Amino acid sequence: MAALQHVKRVWTNFLSQGGYDAHALSGLKLVSATKGSCLCELDVAPQHLNRLGGCHGGLLSTIVDVGGSLAIAAEDMHATGVSTDLNVSFVSGAKLGDKLSINSRCDKVGGTLAYTTVEISVGDKVVALGRHTKFVRLAHKANKEMKLDGEA
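Right, let's walk through the structure included here. Note that the structure is predicted; figures quoted are calculated from it, not measured.

1. Here we look at the overall build of the protein
Inference 1: Along the backbone of the protein there are 4 helices and 6 strands.
Inference 2: The helix and strand sequence of the protein, counted from the amino end, reads α-α-β-β-α-β-β-β-β-α.
Inference 3: Since a compact globule built from 152 residues should have a radius of gyration of about 15 Å, the 15 Å found for the protein is in line with a globular shape.
Inference 4: Referenced to the eigenvectors of the C-alpha coordinate spread, the extents of the protein come out at roughly 50 × 25 × 25 Å.
Inference 5: Residues counted as buried form 41% of the 152 residues belonging to the protein.
Inference 6: Nonlocal contacts in the protein, meaning residues at least 24 apart in sequence, comprise 66% of its contacts between residues at least 6 apart.
Inference 7: Approximately 7700 Å² of the protein is accessible, and the part contributed by carbon and sulfur atoms is 53%.

2. Some points on the nonpolar core
In a soluble, globular protein the nonpolar side chains are often hidden away together inside.
Inference 1: Ranked by internal contacts, the top residues of the largest apolar core, which has 32 residues, are Leu25, Leu28, Ile63, Leu70, Leu100 and Ile120.
Inference 2: Of all the secondary structure elements, the ones that give two or more residues to this core are α1 (3-16), β1 (29-34), β2 (37-43), α3 (57-73), β4 (99-109), β5 (113-122) and β6 (125-135).
Inference 3: No other element matches the 7 residues that α3 contributes to this core.
Inference 4: Residues Ala71, Ile72, Val136 and Ala139 belong to the second largest nonpolar core, which totals 7 residues.

3. Some details on unusual backbone geometry
Inference 1: You will see that Asp76, though not glycine, has its phi angle at about 70°, which is positive.
Inference 2: Considering the arrangement of structural elements, one finds Asp76 in the loop between α3 and β3 (82-90).
Inference 3: What makes Asp76 partly exposed here is its relative accessible area of 39%.

4. Digging into the packing of aromatic side chains
Inference 1: Taken as a whole and assessed by the stated rule, the structure comprises 1 aromatic pair.
Inference 2: For the pair Trp11 and Phe14, a centre-to-centre distance of 6.0 Å together with 70° between the ring planes defines the contact as edge-to-face. Taken together, the positions of Trp11 and Phe14, both in helix α1 and 3 residues apart, correspond to about one turn of that helix. For the pair formed by Trp11 and Phe14, the shared burial category is buried.

Cut-offs and rules
- Residues numbered from 1 in each chain as written.
- Predicted model: local features only at pLDDT ≥ 70, side-chain atom pairs only at ≥ 80, totals over all residues.
- Heavy atoms only, no water.
- Helix = DSSP H or I, 4+ residues; strand = E, 2+ residues; numbered from the N terminus.
- Rg over C-alpha atoms; globule rule 2.2 N^0.38 Å.
- Buried < 20%, exposed > 50% of the residue type's maximum accessible area, 1.4 Å probe, protein only.
- Contact = heavy atoms within 4.5 Å.
- Areas by Shrake-Rupley, 256 points an atom, 1.4 Å probe, with all protein chains shown as cover.
- Core = buried A, V, L, I, M, F, W, Y, C linked by side-chain atoms within 4.5 Å.
- Phe/Tyr/Trp six-rings, centres within 6.5 Å; stacked < 30°, edge-to-face > 60°.

Okay, here's the thing in structure tokens:
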């Protein structure tokens with residue numbers, strides 16, 4: 001399955017589960033994907049703002065979390081593991097109406113851990129840089145079982 005179609009399928013599954021991802025990132029658009037990387041966009045809306053009118057750091061952290069997961073999905077994984085570590089450096093701000101460009105890449109998928117890097121920007125301006133580590137041992141098992149069942 002082509003990387004973009006696979007990542008879209010995984011993202012649709014995330015959204016269908018409801019919860020925080022569906023609430024905070026319902027407007028996230030997948031633009032492109034290749035093996036181990038994806039590009040997404042999100043328009044900053046009123047619900048994404050902090051009390052000072054800027055893009056909320058919690059939203060940017062959520063984007064790093066989800067972006068890392070989608071980069072792992074672009075490695076042809078449906079299950080993407082659970083977070084063990086997430087780091088975000090807030091470099092500059094974003095405001096209402098800005099289009100966030102989210103470049104996510106999977107740096108390595110091992111037997112136990114996967115490592116990802118996410119850059120969030122507006123135009124040429126970097127807004128946040130993130131690293132996301134996920135425990136994937138059980139995800140490998142789930143992915144293998146899905147392929148045996150013909151679901152993946």
